[in-house]
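Examining the three-dimensional arrangement
Okay, here's what each chain looks like letter by letter:
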Amino acid sequence: HPHSQLIALPIIPQSVAIELQGCQTFFQYRDRCIFCDILRQEEDEARRLILASEHFIVLAPFASRFPFETWIVPRRHSPTFEAATVEDMEDLARVFSATLKRLNKIISDPPYNFILHTAPIDGRFPTTHEYYHWHFEIMPTLIKVAGFEWGTGFFINPVPPEEAARFLREANQTSLGLTI
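We now turn to the structure provided with this report.

What counts as what
- Within each chain, residue numbers correspond to sequence positions counted from 1 in written order.
- Side-chain atom pairs in this predicted model are given and counted only at pLDDT of 80 or more, local residue features only at pLDDT of at least 70, and totals for whole chains, interfaces and linings cover all residues.
- Values shown for side chains rest on all heavy atoms present in the structure; no hydrogens or waters enter the calculation.
- Residues enter a nonpolar core if they are buried and are Ala, Val, Leu, Ile, Met, Phe, Trp, Tyr or Cys, with the set joined through side-chain atoms within 4.5 Å.
- For each residue, the accessible area found with a 1.4 Å probe, counting protein chains only, is set against the maximum for its type, and the residue is called buried under 20%, exposed over 50%, and partly exposed in between.
- Strands are runs of DSSP state E lasting at least two residues, helices are runs of H or I lasting at least four, and both sets are numbered from the N terminus onward.
- Note on contacts: a residue pair is in contact if any heavy atoms of the two residues lie within 4.5 Å.
- Interaxial angles span 0 to 180 degrees and are taken between N-to-C directions of axes, which are lines fitted to C-alpha atoms, for helices over the stretch in contact.
- If an angle is under 35 degrees, it is roughly parallel; if it is over 145, roughly antiparallel; if it lies from 65 to 115, roughly perpendicular; otherwise it is oblique.

Nonpolar side chains tend to gather and get buried jointly when the protein is soluble and globular. In terms of nonpolar packing, the biggest core is built from 22 residues, with Ile-50, Phe-68, Ile-72, Leu-92, Phe-96 and Leu-103 touching the most fellow members. Counting only elements with at least two residues in this core, the list comes to strand 1 (49-52), strand 2 (56-59), helix 3 (86-107), strand 5 (135-140) and helix 5 (161-170). Looking at which element gives the most residues to this core, the answer is helix 3, with 7 residues. Each residue touching Ile-72, except ones within four places of it in the same chain, is listed here: Phe-56, Ile-57, Val-58, Leu-92, Val-95, Phe-96, Thr-99, His-135, Phe-136 and Ile-138. Judged by nonpolar contacts, the second largest core, of 15 residues, contains Cys-33, Phe-35, Ala-119 and Tyr-132.

Axis angle and axis distance: for two packed helices, these are the angle between their axes and the distance between the axes, and together they describe the pair. Running from amino to carboxyl end, helix 1 (residues 14-30) crosses helix 2 (residues 34-45) at an angle of 80°, the nearest separation of the two axes being 9 Å. One way to sum up the angle between helix 1 and helix 2 is to call them roughly perpendicular. In this structure, helix 1 uses Glu-19, Cys-23 and Phe-26 to contact helix 2, whose residues at the interface are Ile-34, Phe-35 and Asp-37.

The following block contains the structure:
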């Protein structure tokens with residue numbers, strides 16, 4: 001059964017703070033966004049690229065934590081989901097639908113979680129987190145996270161992201177109307 005949660009917190013959760021700090025550190029070191037770099041590299045290599053549209057790239061992230069973990073990342077750099085245009089949202093709806101259809105076809109309608117990663121609202125708009133890049137992460141629930149993962153924070157993924165991307169790329173490629 002479908003189940004959703006939308007939660008606003010008065011604090012930034014530790015996992016979000018770690019991701020923000022990593023993005024900020026990279027930005028300070030390279031003077032550019034790490035997600036923009038990831039998009040350029042993934043498009044150039046195309047090994048983990050699942051599909052691309054005018055506004056979004058869908059990919060299996062390098063060192064995926066879970067089998068068939070998938071990210072949907074906007075091509076245009078923006079720290080917040082709220083800054084997306086109507087055209088972005090229309091394209092996101094098509095891309096999200098195409099991605100879920102591919103996952104459903106390849107792994108037979110799996111349960112999954114998806115999480116919107118967006119810069120925290122800190123009372124100022126536009127945000128002061130210009131080093132960040134909003135995106136969605138989709139994680140099918142195909143394996144159980146157990147003691148090793150909980151104890152170390154390291155995840156064991158038996159499906160290389162390149163294989164997952166290839167399977168998803170090939171699923172309904174022509175009938176979905178999107179290309180890579």
